[in-house]
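# Breakdown of the fold
Here is what each chain is made of, one letter per residue.
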Amino acid sequence: MDVVRGAARGMAGLVLGAVTAVVELAWVVVAVPMLALPATRSWSVRGTRWLAETDRVRVNRCLGGAIPPGPAGGRSLAYVAAHAVVGGLGGAVLVLVGVWVVVSRRALSGGSGTRAAMSWYDPITWTAFGLLVLFLAAQALVGLAALERRLAEWGLAPSDREMLRSRVQQLSRTRTEVLEAVDDERRRIERDLHDGVQQRLVALGMLLGRAERLGDPGAAAPLFRQAREESRRALEELREVAWRIYPVALDDGGLPAALESLAEGSSVPIVLDLDLPVRPGPAVETAAYFVVCEAVTNALKHSRAGRVEVGISRSGGVLLVRVADDGVGGARADGRGLSGLARRVAAHDGRFELDSPVGGPTTLRAELPCA
């Protein structure tokens with residue numbers, strides 16, 4: 001079944017390639033003169049790149065290509081011109097096969113007069129020759145599919161220099177985003193300490209001062225009880241701040257233990273589905289934990305979720321993180337908290353995806369490469 005689907009997909013890719021070859025041939029005839037004029041040069045370049053990108057998607061989806069997106073530079077027009085020829089060859093082969101099938105069918109299924117005029121060996125000859133033609137046509141189509149892949153790799157895949165330039169730009173952007181994320185984290189910690197723990201300690205000092213001025217142990221007993229309560233709350237908030245900086249459970253029991261602690265302290269049910277036969281590295285564990293933690297916090301604060309599902313698994317060299325909630329949706333990847341998560345994932349060369357339509361549900365996915 002997979003072979004049949006692959007053959008059908010490849011045939012569809014060649015048919016589409018033959019159709020686009022006609023369009024590309026016409027475009028080359030129009031685009032080359034446009035390049036000579038400054039006013040129309042940008043239109044020519046954009047149209048050529050659009051045709052090249054369309055072919056890249058077709059080759060990847062139908063012909064088994066694995067060409068990454070990226071700038072192809074000045075090779076786009078050369079590729080479009082070359083593919084107009086290669087795609088035309090594929091179309092010619094398909095047309096010849098179709099003509100042969102039609103002619104053979106008419107010859108073998110003619111009327112009684114046609115069958116009477118044929119020798120006994122003519123149907124056998126037609127059938128054998130037809131099978132040979134189909135075999136040669138199949139070989140030609142397979143070769144054309146391979147030729148299209150090679151041509152696309154030459155004309156559409158970024159060169160080593162372009163990939164290196166893109167990589168340098170990505171690393172520069174990631175470094176800037178990491179520095180911004182670190183500064184945002186520092187500001188958040190300072191705000192939590194100032195608005196939370198510091199205010200608790202100030203209130204604790206005022207209560208103890210009032211109790212000291214009373215001088216009566218009996219009258220000061222309620223103030224001491226309030227002071228004890230304030231000290232307990234200050235300790236809890238300080239523990240929460242320290243936990244947000246780095247949870248100690250990651251060192252003790254790894255990611256499962258840290259997430260179980262997070263689930264136990266949550267005000268809504270959190271369902272954990274963890275499949276980690278091999279423990280990832282500390283940096284990846286920390287990134288995965290904060291992705292889950294921030295996603296859960298966002299679900300509790302903004303989406304009014306009643307249930308959160310967390311799934312973490314390892315596939316090959318990639319740690320897959322999925323957090324889904326049944327809230328109202330509408331979360332945005334460029335929001336304050338989620339944009340920080342995207343930067344944190346990008347710092348590990350990972351992928352970050354968010355699906356949150358209005359009305360819900362919200363699903364967050366992150367892929368973190370493991371060493």
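Above this text is the structure in question.
An account of the accompanying structure is given in this report.

Bringing the overall build of the protein chain into the picture now. Counting its regular elements, the protein chain contains 10 helices and five strands. Within the protein chain, the fraction of its 371 residues that count as buried is 33%. Accessible surface for the protein chain amounts to roughly 22000 Å². Of this, 62% is attributable to carbon and sulfur atoms.

Given two aromatic rings, one states the distance between the centres and the angle between the planes to describe the pair. Scanning all chains against the criterion turns up one aromatic pair. Looking at R46, its charged tip hangs above the ring of W43, at a distance of 5.0 Å from the centre.

Moving on: the nonpolar core. Ranked by size, the top nonpolar core spans 34 residues in total, and within it Y289, V292, V308, I312 and V321 carry the most contacts. Listed by contribution, the elements that provide at least two residues to this core are helix 8 (249–264), helix 9 (282–301), strand 2 (308–315), strand 3 (318–325), helix 10 (336–347) and strand 5 (362–369). One finds V59, C62, Y79 and A145 within the second-largest nonpolar core, a separate group that totals 21 residues.

All right, on to the pattern of salt bridges then. With the rule as written, the count across this model stands at six salt bridges. Between E53 and R56 there is a salt bridge; the shortest N-O distance is 2.7 Å. Of this pair, E53 and R56 both sit in helix 2 (residues 38–62), three residues apart, which is roughly one turn of the helix. Assessed through its relative accessible area of 34%, E53 is described here as partly exposed. Close ionic contact of R351 with E353 constitutes a salt bridge, the shortest N to O distance being 2.8 Å. For R351, a relative accessible area of 48% translates into the label partly exposed. Exposure remark for E353: the relative accessible area of 35% places this residue in the partly exposed category. Shared partners join several salt bridges into a network, and the residues in it are D55, R58 and E148.

Once that is clear, we can look at helix 8. Between its first and last C-alpha atoms helix 8 spans 13 Å; for 16 residues at 1.5 Å apiece the expected length is 22 Å, and the helix comes up short by more than 12%. Taken as a whole, helix 8 carries its principal kink of about 100 degrees at L255; the proline P256 stands between one and four residues after it. What helix 8 keeps buried is the set A249, L250, G254, L255, A258, L259, L262 and A263.

For the rest of this paragraph, the subject is the pairing of strand 1 (residues 270–275). Relative to strand 2, strand 1 runs parallel, the two sharing six bridges. Paired with I270 across the strands is V308, a residue of strand 2. Taken together, strand 1, helix 9 and strand 2 constitute a β-α-β crossover, and its handedness is left-handed.

The next point concerns helix 1 (residues 2–35). Side chains that are three or four residues apart share a direction in an α-helix, a result of its 3.6 residues per turn. Taking the largest bend as the criterion, helix 1 deviates by roughly 25 degrees, centred on V28. Every buried residue of helix 1 is accounted for by G10, G13, L14, G17, A18, A21, E24, V28, A31 and M34.

A few words now on the pairing of strand 3. Two faces make up the sheet, and in a regular strand the side chains alternate between them. Note that strand 2 and strand 3 share eight bridges and pair antiparallel. From the neighbouring strand, S313 faces strand 3, where its bridge partner is L320. Following strand 2, the chain reverses through two residues before pairing antiparallel with strand 3; G316 in that reversal takes a positive phi of roughly 65 degrees. Looking at chain direction, strand 3 and strand 5 are connected through eight bridges and run antiparallel.

A word on the packing of helix 8 against helix 9. Packing of helix 8 against helix 9 leaves a shortest axis separation of 11 Å and a crossing angle of 15 degrees. As far as their axial angle goes, helix 9 and helix 8 are roughly parallel. Viewed along their axes, helix 8 and helix 9 form a crossing whose handedness is left-handed. Contact with helix 8, carried on its side by L250, G254, L255, A258, L259 and L262, involves E285, T286, A288, Y289, V292, C293 and V296 of helix 9 and no other residues of that element. Looking at the contact of helix 8 with helix 9 residue by residue, the class counts come to 10 nonpolar, two polar and one charged.

In this section: the layout of surface pockets. Its boundaries defined by the atoms lining it, the second largest pocket holds a volume of some 290 Å³. Taken together, 17 residues form the lining of the second largest pocket, with A7, M11, L14, L141 and V142 sitting closest to its centre. Every element with two or more residues in the lining of the second largest pocket is listed here: helix 1, helix 3 (75–108) and helix 5 (122–155). Partitioned by chemical class, the residues of the lining of the second largest pocket number 13 nonpolar, three polar and one charged.

Once that is clear, we can look at the packing of helix 1 against helix 2. Running from amino to carboxyl end, helix 1 crosses helix 2 at an angle of 170 degrees, the nearest separation of the two axes being 10 Å. Relative to helix 2, the element helix 1 is oriented roughly antiparallel. Along the contact surface, helix 1 presents R9, G10, G13, L16, G17, T20, V23, E24, W27, A31, M34 and L35, while helix 2 presents T40, R41, W43, S44, V45, G47, T48, L51, D55, R58, R61 and C62. Here the residues of the contact of helix 1 with helix 2 are counted per class, giving 10 nonpolar, eight polar and six charged.

Locating T362 in the fold gives a position in strand 5. A distance of 2.7 Å separates the side chain of T362 from the side chain of S356, its partner in a polar contact. Discounting chain neighbours no more than four positions away, the residues touching T362 are V323, A324, D325, G329, L354, D355 and S356.

Definitions and limits used
- Residues numbered from 1 in each chain as written.
- Predicted model: local features only at pLDDT ≥ 70, side-chain atom pairs only at ≥ 80, totals over all residues.
- Heavy atoms only, no water.
- Helix = DSSP H or I, 4+ residues; strand = E, 2+ residues; numbered from the N terminus.
- Buried < 20%, exposed > 50% of the residue type's maximum accessible area, 1.4 Å probe, protein only.
- Areas by Shrake-Rupley, 256 points an atom, 1.4 Å probe, with all protein chains shown as cover.
- Phe/Tyr/Trp six-rings, centres within 6.5 Å; stacked < 30°, edge-to-face > 60°.
- Lys NZ or Arg CZ within 6 Å of the ring centre and 35° of its normal.
- Core = buried A, V, L, I, M, F, W, Y, C linked by side-chain atoms within 4.5 Å.
- Salt bridge = Lys/Arg side-chain N within 4 Å of Asp/Glu carboxyl O.
- Expected span 1.5 Å × (residues − 1).
- Bend = angle between axes of the 7 residues up to and from the residue.
- Pairing = 2+ DSSP bridges.
- Right-handed = clockwise from strand over helix to strand, strands pointing away.
- Axes fitted to C-alpha atoms, helices over the stretch in contact; angles between N-to-C directions.
- Parallel < 35°, antiparallel > 145°, perpendicular 65-115°, else oblique.
- Left-handed = near helix turned anticlockwise from the far one by under 90°.
- Contact = heavy atoms within 4.5 Å.
- Nonpolar A, V, L, I, M, F, W, Y, C, P; charged D, E, K, R; others polar.
- 1 Å grid on protein atoms, 1.4 Å probe; cavity = no way out; pocket = protein on both sides within 12 Å on 5 of 7 lines; lining within 4 Å.
- Points joined across faces, edges and corners; volume = space filled by probe spheres on them.
- Polar contact = N/O pair within 3.5 Å; in protein donor to acceptor, adjacent residues only side chain to side chain.

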